Structures are given as C-alpha cells and as structure tokens.
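The primary structure of each chain is shown beneath.
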Amino acid sequence: QVNLVESGGGLVQAGGSLRLSCAASGRTFERRAIGWFRQAPGKEREFVASIAHASQNTKYGASVKGRFTISRDTATNTGYLQMNNLKPEDTAVYYCATAGAYTFTTPAAYGVWGQGTQVIVSS
C-alpha cells in the first residue's frame, strides 16, 4: 500500500512556527520530487515549496520564501516543511504530493497526494 500522510498542523499565533511532516509508505518518494501545496476555503490550491530527490534542489512560492524551509529525509522516507514567522494569511489546509521534477508548481503535475493537515494562524 502506497500513500502519503501529513501531520504537524495545528493552531498557532502569528509569528509562531510549525513543522509539517509527510510520511510516505512504500517507495513513494523514490526518485520523486516532494511538493507542498495549500488551499484555503474559496481559493485555488497554491504552490508552497518543492524539493528534488538526489540534488535536493528547492523551489518556493513567493509568499513563503524566506519563511518556510522544505527538506526530506531518505532514511525515514519523510518530507518536512518548516514554517517560521507564520502569518494569518498562511491559514490553510496543507498537502504534500509527489511529482517527476521539483520545478513543477501546478497541482496537475503532482500525482500521489496526502489528505492534508490544517494550519490555523490566529491574528
């Protein structure tokens, strides 16, 4: 069985931090990029960050660059999104997913998706 499970979401105050995890079963992340997206009610799913496999090259959406850091741990088959200096506008459901290249920023380019984890930043 192959799937992705996000965790680490919660309610935090503006300026706080959270670290999201994306645990993969099977060989989900093998030779695949990991992407993080977020979606707030009434809004389109938005690209947050992505990371390549071997090179670990990264890409960030403009709204989170400098505040969020994406990483991966091949030993535990887990992806991470460290979120610092959170803002109320970061409130959304956060999803991890896989793609053939980290340069993709559209949801359509990603195949396997997790069910999401809720992040709420109070103001």
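Structure shown above.
The notes below deal with the structure included here. Remember, it's a predicted structure, so these values are computed and weren't measured experimentally. Counting restarts for each chain, with residues numbered from 1 along the sequence as it is written. pLDDT decides what is reported in this predicted model: residues at 70 or higher carry local features, side-chain atom pairs at 80 or more are listed and counted, and totals for whole chains, interfaces and linings draw on all residues regardless. Side-chain numbers come from the whole structure's heavy atoms, not from hydrogens or water.

Take the pairing of strand 8 (residues 78-83) next. The buried label goes to any residue with under 20% of its type's maximum accessible area, the exposed label to any with over 50%, and the partly exposed label to all in between, with areas taken from a 1.4 Å probe on protein chains only. Numbering of helices and strands runs from the N terminus, with a helix taken as a DSSP run of H or I at least four residues long and a strand as a DSSP run of E at least two residues long. In terms of burial, strand 8 is a largely internal element, five of the six residues being buried. Both strand 3 (residues 18-24) and strand 8 contribute to a ladder of six bridges, which runs antiparallel. Residue L20 lies in a different strand from strand 8, and its bridge partner there is L81. When DSSP finds two or more bridges between a pair of strands, those strands are recorded as paired. With six bridges connecting them, strand 7 (residues 68-73) and strand 8 associate as antiparallel partners. Paired with I70 across the strands is L81, a residue of strand 8. Linking strand 7 to strand 8, which pair antiparallel, is a turn of four residues; within it N77 sits at a positive phi near 55 degrees.

Ranked by internal contacts, the top residues of the largest apolar core, which has 24 residues, are W36, V48, F68, L81, M83 and Y94. Mapped onto this core, the elements with two or more residues apiece are strand 3, strand 4 (33-39), strand 5 (46-51), strand 7, strand 8, strand 9 (92-99) and strand 11 (117-122). The element that contributes the greatest number of residues to this core is strand 3, accounting for four residues. Contacts: residue pairs with any heavy atoms within 4.5 Å of one another. Filtering out sequence-adjacent residues up to four positions away, L81 remains in contact with L18, R19, L20, W36, V48, A49, F68, T69, I70 and Y94. Residues F37, F47, A99 and Y110 belong to the second largest nonpolar core, which totals five residues. To form a nonpolar core, buried Ala, Val, Leu, Ile, Met, Phe, Trp, Tyr and Cys residues must be joined to one another through side-chain atoms within 4.5 Å.

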